[in-house]
Protein chains: 2
Amino acid sequence: MEHSNHEAVIVSSHGDGGLMTQQLLQELFMPFFNNDWLAQADDAAFLQHRDEALAFSTDSFVVSPLFFPGGDIGKLAVCGTVNDLVVSGAKPLWLSAAFILPEGLSIKRLTRIVRSMAETARLLELPIVTGDTKVANTGDPENLFINTTGIGAVHPRTYLNASRLEAGDAIIITGTIADHGAAILASRLGLDVEELPASDCAPLCYLLDTLEPFLPRIKMMRDPTRGGVATTLKEIALAAGLDLVLEETALKINPRVQAIAESLGVDPLYLASEGRALIITSQEDAAGVIEALRLHPQGKESAIIGSVRPGKGNLCLKTNLGGTRMLQMLSGTPLPRIC
Amino acid sequence: MEHSNHEAVIVSSHGDGGLMTQQLLQELFMPFFNNDWLAQADDAAFLQHRDEALAFSTDSFVVSPLFFPGGDIGKLAVCGTVNDLVVSGAKPLWLSAAFILPEGLSIKRLTRIVRSMAETARLLELPIVTGDTKVANTGDPENLFINTTGIGAVHPRTYLNASRLEAGDAIIITGTIADHGAAILASRLGLDVEELPASDCAPLCYLLDTLEPFLPRIKMMRDPTRGGVATTLKEIALAAGLDLVLEETALKINPRVQAIAESLGVDPLYLASEGRALIITSQEDAAGVIEALRLHPQGKESAIIGSVRPGKGNLCLKTNLGGTRMLQMLSGTPLPRIC
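Residues numbered from 1 in each chain as written. Chains lettered and ligands numbered in written order. Predicted model: local features only at pLDDT ≥ 70, side-chain atom pairs only at ≥ 80, totals over all residues. Heavy atoms only, no water.

**Q** Just checking my understanding: could you explain the overall build of chain A for this structure?
**A** Summing up its helical and strand segments, chain A has nine helices and 14 strands in all. The globule rule puts the C-alpha radius of gyration for 339 residues at 20 Å, and the 19 Å found for chain A is close to it. Projecting the C-alpha coordinates of chain A onto the three principal axes gives extents of approximately 55 × 50 × 45 Å. Among the 339 residues that make up chain A, the fraction classed as buried is 63%. The long-range fraction of contacts in chain A, counting pairs at least 24 apart against all pairs at least 6 apart in sequence, stands at 83%. About 12600 Å² of surface is accessible on chain A, with carbon and sulfur atoms providing 51% of the total. Separation of charge centres in chain A, based on 27 positive and 39 negative side chains, amounts to 3 Å. (Helix = DSSP H or I, 4+ residues; strand = E, 2+ residues; numbered from the N terminus. Rg over C-alpha atoms; globule rule 2.2 N^0.38 Å. Buried < 20%, exposed > 50% of the residue type's maximum accessible area, 1.4 Å probe, protein only. Contact = heavy atoms within 4.5 Å. Areas by Shrake-Rupley, 256 points an atom, 1.4 Å probe, with all protein chains shown as cover. Lys, Arg positive; Asp, Glu negative; His and termini not counted. Charge placed at Lys NZ, Arg CZ, Asp CG, Glu CD.)

**Q** Would you explain the interface of chain B and chain A in this entry?
**A** Often the size quoted for an interface is simply the accessible area lost on bringing the parts together. Contacts between chain B and chain A engage 79 residues on the former and 79 residues on the latter. Buried surface at the junction of chain B and chain A, both sides included, amounts to about 6700 Å², of which 71% is carbon and sulfur. Considering only the surface of chain B that becomes buried against chain A, I10(B), F32(B) and I107(B) emerge as the three largest contributors, covering 11% of it. Inspection of the chain B/chain A interface yields six salt bridges. E52(A) is the partner of R50(B) in a salt bridge, and the nearest nitrogen-oxygen pair spans 3.3 Å. At 10 residues, strand β5 (residues 90–102) of chain B tops the list of elements feeding residues into the side of chain B that touches chain A. Class assignment for the residues of the side of chain B that touches chain A results in 42 nonpolar, 25 polar and 12 charged. (Buried area = accessible area lost by both parts, 1.4 Å probe. Salt bridge = Lys/Arg side-chain N within 4 Å of Asp/Glu carboxyl O. Nonpolar A, V, L, I, M, F, W, Y, C, P; charged D, E, K, R; others polar.)

**Q** Explain helix α9 (residues 283–294) of chain A to me, please; I cannot follow it from the model alone.
**A** Three- or four-residue spacings in an α-helix give side chains the same orientation, since the helix completes a turn every 3.6 residues. Residue and element names in this part refer to chain A. Spanning 12 residues, α9 covers 17 Å between terminal C-alpha atoms, matching the ideal 16 Å at 1.5 Å per step. Of all the residues in α9, the buried ones are D285, A286, G288, V289, I290, A292 and L293. On its buried face, α9 is in contact with β8 (170–173), α6 (205–209), β11 (278–281) and β12 (303–309). (Expected span 1.5 Å × (residues − 1).)

**Q** Would you explain the domain arrangement of chain A in this entry?
**A** Residues and elements named next belong to chain A. Under the domain assignment, chain A is made up of domain 1 (39–154) and domain 2 (162–327). Computed over C-alpha atoms only, the centres of domain 1 and domain 2 are separated by 23 Å. Each partner contributes to the interface: domain 1 provides 19 residues, whereas domain 2 provides 23 residues. When the two sides are added together, the surface that domain 1 and domain 2 hide from each other amounts to roughly 1700 Å², 65% of it contributed by carbon and sulfur. (Domains from an automatic or database assignment.)

**Q** Whenever I open this one, the confidence of the model for chain A confuses me. Can you help?
**A** Interpreting fine coordinate detail is not advised for predicted regions of low pLDDT. For chain A, mean pLDDT is 94; residues scoring 70 or higher make up 97% of the total. With a pTM of 0.96, the predicted complex shows an ipTM of 0.95. (pLDDT = per-residue confidence, 0-100.)

**Q** Would you explain the packing of aromatic side chains in this entry?
**A** For any pair of aromatic rings, the description consists of the separation of the ring centres together with the inter-plane angle of the planes. As enumerated under the stated definition, the model contains six aromatic pairs over all chains in all. Clustering of aromatic rings is evident, with ring pairs tying together F29(A), F33(A) and F99(B). Its end group placed over the ring of F67(B), R112(B) keeps NZ or CZ at 3.9 Å from the ring centre. K134(B) extends its terminal NZ or CZ atom over the ring of F61(A), reaching a point 5.4 Å from the ring centre. (Phe/Tyr/Trp six-rings, centres within 6.5 Å; stacked < 30°, edge-to-face > 60°. Lys NZ or Arg CZ within 6 Å of the ring centre and 35° of its normal.)

**Q** Is there a simple way to explain the side chain of D179(B) in this structure?
**A** Residue and element names in this part refer to chain B. Examined against the element boundaries, D179 turns out to sit in helix α5 (residues 179–188). Overall, D179 belongs to the buried group, its relative accessible area being 5%. A polar side-chain atom of D179 sits 2.7 Å from a polar atom in the side chain of T176. In contact with D179, not counting residues within four places along its chain, are A198, S199, D200, N254, V257, A272 and R276. (Polar contact = N/O pair within 3.5 Å; in protein donor to acceptor, adjacent residues only side chain to side chain.)

**Q** Can you walk me through the relation of the copies chain B and chain A in this structure?
**A** The relation between the two copies of this chain is a rotation about an axis and a shift parallel to it. Superposing chain B onto chain A requires a rotation of 180° together with a translation of 0.0 Å along the rotation axis, leaving an RMSD of 0.0 Å. In symmetry terms, the pair is related by a two-fold rotation axis. When each C-alpha of chain B is compared by its distance to the rotation axis, G139(B) comes out closest, at 2.0 Å. Interface residue correspondence from chain B to chain A reaches 100%, placing this contact among same-surface, isologous pairings. (Least-squares fit on C-alpha atoms with pLDDT ≥ 70 in both.)

**Q** Hey, could you run me through the nonpolar core in this one?
**A** The tendency in soluble globular proteins is for nonpolar side chains to be buried side by side. L208(B), L246(B) and L269(B) are the most contacted members of the largest nonpolar core, which totals 100 residues. When residues of this core are sorted by domain, at least three fall in each of domain 1 (39–154) and domain 2 (162–327) of chain B. If you look at the next biggest cluster of nonpolar residues, it comprises 63 residues, including A97(A), I146(A), I172(A) and L28(B). (Core = buried A, V, L, I, M, F, W, Y, C linked by side-chain atoms within 4.5 Å.)

**Q** Please explain the sheet that holds strand β2 (residues 52–61) of chain B as it appears in this structure.
**A** Whenever strands of a sheet pair, they do so through backbone hydrogen bonds, lying parallel or antiparallel. Taken together, the five strands give an open sheet; going across it, the order is β1-β2-β7-β5-β6 (chain B), and neighbouring strands pair in mixed fashion. With one partner strand each, in any of the chains shown, β1 (45–49) and β6 (128–136) of chain B form the two edges of the open sheet. The average angle at which neighbouring strand axes cross in this sheet is 20°, direction not considered. Here β2(B) runs beside strand β7 (residues 145–154) of chain B; their pairing, made up of eight bridges, is antiparallel. Paired with S60(B) across the two strands is N147(B), which belongs to β7(B). Each of β5 and β6 of chain B touches helix α1 (residues 19–33) of chain A; the most contacted strand, β6(B), lies at about 140° to it. Lying on the sheet, helix α3 (residues 73–86) of chain B is in contact with β2, β5 and β7 of chain B; it crosses β2(B) at an angle near 145°. (Pairing = 2+ DSSP bridges. Axes fitted to C-alpha atoms, helices over the stretch in contact; angles between N-to-C directions.)

**Q** Hey, could you run me through the pattern of salt bridges in this one?
**A** Should their charged atoms come close, side chains of opposite charge can pair. In the structure shown here, the tally under the stated rule is 30 salt bridges over all chains. We note a salt bridge from D267(A) to R325(A), for which the minimum N-O separation is 3.6 Å. Of this pair, D267(A) sits in the loop between α8 (255–264) and β11 while R325(A) sits in strand β14 (residues 324–327), and the two are 58 residues apart along the sequence. Assessed through its relative accessible area of 25%, D267(A) is described here as partly exposed. Residue classification places R325(A) among the partly exposed residues on the basis of a relative accessible area of 39%. Residues R157(B) and E212(B) are paired through a salt bridge, measuring 3.4 Å at the closest nitrogen-oxygen approach. Here R157(B), found in the loop between β7 and β8 (170–173), pairs with E212(B), found in the loop between α6 (205–209) and β9 (220–222); they are 55 residues apart in sequence, far enough to count as distant.

**Q** Is there a simple way to explain unusual backbone geometry in this structure?
**A** Leave glycine aside and you will find that most residues have negative phi; peptide bonds, for their part, are mostly trans. A cis geometry characterises the amide bond from S64(A) onward to P65(A), with omega recorded as 5°. With respect to the helices and strands, the residue P65(A) is situated in the loop between β2 (52–61) and β3 (67–68). Its identity as a non-glycine residue notwithstanding, A178(B) has a phi of 75°, on the positive side. Mapped onto the elements of the fold, A178(B) is located in the loop between β8 and α5. The backbone of R337(B) shows a phi angle near 55°, a positive value even though the residue is not glycine. With respect to the helices, strands and loops of the structure, R337(B) is situated in the segment after β14 (324–327). Under the relative-accessibility criterion, R337(B) is labelled buried at 12%.

**Q** Even after reading the chapter, I still don't get the packing of helix α3 (residues 73–86) of chain A against helix α4 (residues 107–123) of chain A, so can you show me in this structure?
**A** All names here are of chain A. Interaxial distance between α3 and α4 falls to 7 Å at its minimum, and their mutual angle equals 35°. Judged by the sense of rotation from one axis to the other, the crossing of α3 with α4 is right-handed. Where α3 abuts α4, its residues I73, G74, K75, A77, V78 and C79 lie against I113, S116, M117, T120 and A121. Class assignment of the residues belonging to the contact of α3 with α4 gives a composition of seven nonpolar, three polar and one charged. (Left-handed = near helix turned anticlockwise from the far one by under 90°.)

This is how it looks when you write it as structure tokens:
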């Protein structure tokens, strides 16, 4: 346990969304901050105020580079918090935006980012109602950080909780995996531009609106960002105390994403998406959910990728060759600053 | 106008809370984000949801050094957002906390900061309900950044707005000025420890609770953080379209703060407080407000420091020697990373 040693310091893997991030949260932050909201470890906190259920979610964006195929830190900062609210079953109502501006940042680049952020929010009819700007010498004029924090109204008939999972439930994803992570890694390494895949960075609210008739029976939604599909599903398996089985043949991956992952030696199951949802629902509802998702342009590639089984919190991958591999949370591969 | 030039870059003065910060907001951010909430330019946004009025406020903390006499970035991150809600007439209900951890930050120091933050929140019975941690190489292992965003319930009988100001109103402050700014500057410069003044960093909720009977008639509250008393009052004068007159003889200043300001050649009217409120109320209520404030340990030094006059948005200082000096917003003196 690295941080019980008081000589220890923060390293980049503490920010990869995997095992070391979990350890930092559980061993350093939770002993001090522990309360029922944080113990839920959801993407948003549920706040009961008079007759109203609100969802509240915060995220800081430190993505490097600031501009990447398919998006930029401004678009990502709006989509990221919107998606955390949406997969928590809430309709986003208001957003805050807080900027930490690096000394030396080009005003022209900042203007592009602010425009992108404003356009994304405007398309969603989501007002940015309060903000803050600070300036710091962050070592690099491209080290811009944006925090967005959102408030949403929880859909009254929604109850998303890993405790509702049962053996036989279907695991659905709304599209290809790993596009955002591959786009960021490829941009960062300066790979040949023609070959770069685009990030899937997009708001999920419209796509998931199509699920309205199914909402009361949907058991769990998450967006597989930092740590990717594998880390997100492993967290759900542990929370449910059941095994999740992924079918490798059912996973869809853009060939350019696959090529980049192979050339870099990273597993696409651990690369982030920023415009996909994982949905767990009963076997009976699964076909209807897939049908509804596919009617929306963002959901055309929706597919059942696995199922819930009796067990103790394992995540298993049934490989193309018929074998079974146990998957753990992302560990030891430093993939920070993805979002 | 520096940032209409697209060769221009962010400089530290953009973060001092003064004129350049205002220009950046008005000229770069507002054209994209403009809406009624942001146009109000208050410390918090007021959100009407069904029958409920909520206040929503965000702040990122980049203070350097992380530990200073009277506090640390953790305590400051809780008090700062709490105070923005409180001077907006709201009772803080929930807080989010998002950490950007620098690579190389000592886990021991992080633990002290998290403990301080949790203790401050616990004393206020204010739950930190959701959070985020990211890791970035920020150029220095002490470059830790914390965002807190808070939701409060607006006191139903409160209406704080510069448009309510009238000639004759009294300007009150709840204590000495410039303590926080002087403490930070002195710490940063490594001045002799015995001489360091302590920051006034403190939550204002208990002190301002004593004003409950006066709330409907209080016209304006602000905490004079970045940019100090002068910048905050100049902003109010401009928003009200009236002149504000400060009486130098009425301002209280800790002798050690005075000594540091003099030795550094900075005007204490532009140094931040992090535990004081400026209150503007009718002349008739002023004595009662002062009496109520002085009953509380944090308000013993409360005093009327000036008044509202007919005019066009000027801030005037009547000096000890009987002269009158016009005060502008902080401009050109780089005092960033105060909070």
